[in-house]
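Here are the chains, one letter per residue:
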Amino acid sequence: MYYKAKKKAMSNGMRYHLAAIVWRKKKPIVIRSNSPKGHPDCLRTLSGGSETSSMHAEMSALRFAKPGDEIEVIRWGKSGEIRCSKPCKMCEKAMRSAGISSVVFIDANGSKRRKSLLR
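Criteria and cut-off values
Residues numbered from 1 in each chain as written. Predicted model: local features only at pLDDT ≥ 70, side-chain atom pairs only at ≥ 80, totals over all residues. Heavy atoms only, no water. Helix = DSSP H or I, 4+ residues; strand = E, 2+ residues; numbered from the N terminus. Contact = heavy atoms within 4.5 Å. Polar contact = N/O pair within 3.5 Å; in protein donor to acceptor, adjacent residues only side chain to side chain. Disulfide = S-S within 2.5 Å. Core = buried A, V, L, I, M, F, W, Y, C linked by side-chain atoms within 4.5 Å. Buried < 20%, exposed > 50% of the residue type's maximum accessible area, 1.4 Å probe, protein only. Arc of directions from axis to C-beta.

K.L.:
In this structure, what is going on with the environment of R114? I would like to understand it.
P.N.:
With respect to the helices and strands, R114 occurs in strand 8 (residues 112-116). In contact with R114, not counting residues within four places along its chain, are E70, S102, V103 and V104. Side-chain polar atoms of R114 contact the side chain of E70, separated by 2.7 Å.

Okay, structure coming up:
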């Protein structure tokens, strides 16, 4: 399953290679990667004033998630090494609003973390 996630992320044609896996009752439901296709929920303004919109892996995975699910986010570098995959504030807010119970990611120190999103 992680092999499928890596393969999908590494072939996304983007600079960053991320995959998000939706887990429901300890079973993987869907694997989604980030995509250059724009989406209004991911619109952001760059420092130069131009706007960009790409689909984050977490936002894509949320379309298949239900309240109580867990989302795991994994990022790979160009050479296939595991990198920091902490979700951005926009994705974390969207996951919390969707009722996702927790998010699992790799922190800046290379450690796997689980963060509860329930309030």
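K.L.:
Just to check I follow, could you spell out the state of the cysteines for this structure?
P.N.:
Put plainly, two cysteines are in a disulfide when a covalent bond ties their sulfur atoms together. Within the structure shown, the criterion is met by 0 disulfides. With no disulfide partner, C84 has as its closest neighbouring cysteine sulfur the one in C88, 12 Å distant. We note that C91 lacks a disulfide partner, and the nearest cysteine sulfur, in C88, lies 3.6 Å from it.

K.L.:
Help me out: how do you make sense of the nonpolar core in this one?
P.N.:
If you look at soluble globular proteins, the nonpolar side chains tend to sit buried side by side. Judged by nonpolar contacts, the single largest core of 18 residues is most densely connected at V22, L62, I71, M95, I100 and V103. If you list the elements that add at least two residues to this core, you get strand 1 (17-24), helix 2 (57-62), strand 5 (70-76), helix 3 (89-97) and strand 7 (102-106). Those residues in contact with I71, other than ones at most four positions away along the chain, are A20, I21, V22, L62, M95, I100, S102, V103 and V104. Counting residues in hydrophobic clusters, the runner-up holds 8 residues, among them A19, W23, I74 and W76.

K.L.:
Sorry if this is basic, but what is going on with helix 3 here?
P.N.:
Each turn of an α-helix holds 3.6 residues, which means side chains three or four residues apart point in the same direction. Among the residues making up helix 3, those that are buried are C91, E92 and M95. All buried residues of helix 3 lie within an arc of 100° about the axis, which places them on one face of the element. For helix 3, the exposed residues set more than 90 degrees away from the buried face come down to K89, K93 and S97. Each element contacted by the buried residues of helix 3 is listed here: helix 2, strand 5, strand 7 and strand 8.

K.L.:
Looking at this structure, I do not really get the side chain of H17. What am I missing?
P.N.:
Relative to the assigned elements, H17 resides in strand 1. Residue H17 is classed as buried on the basis of its relative accessible area, which comes to 9%. Of the polar contacts made by the side chain of H17, one reaches the backbone oxygen of M14; its length is 3.5 Å. Here H17 is in contact with A9, M10, N12, N34, I74, R75, W76 and G77, once residues within four sequence places are set aside.

In short, shape yes, function no, at least from these values alone.
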